[in-house]
Amino acid sequence: MWRDYVASLPAPPREEPTVERFGDGAALADELLGLVLAGTKRATAGLVADFAADGEPLPRIGGHWVVCDGAGVPRCVLRSVDLRLGPLDSVDDAFAWDEGEGDRSRASWLDGHERYFRRTQAARGEEWSDDLEVVFERFRVVWPPDVAD
């Protein structure tokens, strides 16, 4: 998939993409990928602590990632177009809407993401803190062409 995308460009990207799936399990990965492929989800959020624990660099504007489904099969290529760091409660209505989950409200976003982040922190044996930094990322689907924005 990455090779096909790169072959379609006038100049190849300088970096290798991140290869990742959404969420912390196959079912959640498939659900969130479905929202991306349907055009509903155009944003995501992650704890800075999760990136550090996984030894992964933070996303950067212009960076790419290959999104896999719950079985690990590559399904699309995303490109980061906007990034912001801040506490969980700094999310605004527009970002919650762009993330496309639940009823797309800020309240629903906060509830769902706090539960998710508490779960990922607990799985690593770490304590939850309200001041943990979150990466708020907006993206575009750039491959395959029939899904791209």
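Residues numbered from 1 in each chain as written. Predicted model: local features only at pLDDT ≥ 70, side-chain atom pairs only at ≥ 80, totals over all residues. Heavy atoms only, no water.

Caption draft 1: Layout of the side chain of His64. Summarising the element assignment, His64 is placed in strand E3 (residues 64–68). A distance of 2.9 Å separates the side chain of His64 from the side chain of Tyr5, its partner in a polar contact. When sequence neighbours within four positions are dropped, the list of residues in contact with His64 reads Trp2, Tyr5, Pro13, Glu15, Pro17, Thr18, Val77, Leu78, Arg79 and Val142. (Helix = DSSP H or I, 4+ residues; strand = E, 2+ residues; numbered from the N terminus. Polar contact = N/O pair within 3.5 Å; in protein donor to acceptor, adjacent residues only side chain to side chain. Contact = heavy atoms within 4.5 Å.)

Caption draft 2: Quick peek at the sheet that holds strand E2 (residues 43–47). Spatially, five strands are ordered E1-E3-E4-E5-E2 in an open sheet, and the strand pairing comes out mixed. The sheet is open, and its two edges are formed by strand E1 (18–20) and E2, each paired on a single side. Averaged over neighbouring strand pairs, the angle between their axes works out to 35 degrees when direction is ignored. For E2 and strand E5 (residues 133–143), the ladder comprises five bridges, and the chain directions are antiparallel. Note on E5: the bridge partner recorded for Leu47 is Val134. (Pairing = 2+ DSSP bridges. Axes fitted to C-alpha atoms, helices over the stretch in contact; angles between N-to-C directions.)

Caption draft 3: Spotlight on the packing of aromatic side chains. Taken as a whole, this structure holds nine aromatic pairs when the rule is applied. Seen from their ring centres, Trp2 and Tyr5 are 5.6 Å apart, and the 50 degrees between their planes marks the pair as tilted. Remark: Tyr5 and Trp2 occur in helix H1 (residues 2–7); sequence separation between them is three residues, near one turn of the helix. The two residues Trp2 and Tyr5 agree in class, both being buried. Note on Phe22 and Trp65: the rings are 5.1 Å apart at their centroids and 65 degrees apart in plane angle, and the pair reads as edge-to-face. On the criterion of sequence distance, the pair formed by Phe22 in the loop between E1 and helix H2 (26–37) and Trp65 in strand E3 is long-range, its members being 43 residues apart. For the pair Phe22 and Trp65, a shared accessibility class is recorded, and that class is buried. Members of the aromatic cluster, connected to one another through ring pairs, are Trp2, Tyr5 and Trp143. Here Lys41 stacks its cationic end above the ring of Phe22, 5.3 Å away from the centre of that ring. Here Arg84 stacks its cationic end above the ring of Phe136, 4.2 Å away from the centre of that ring. (Phe/Tyr/Trp six-rings, centres within 6.5 Å; stacked < 30°, edge-to-face > 60°. Buried < 20%, exposed > 50% of the residue type's maximum accessible area, 1.4 Å probe, protein only. Lys NZ or Arg CZ within 6 Å of the ring centre and 35° of its normal.)

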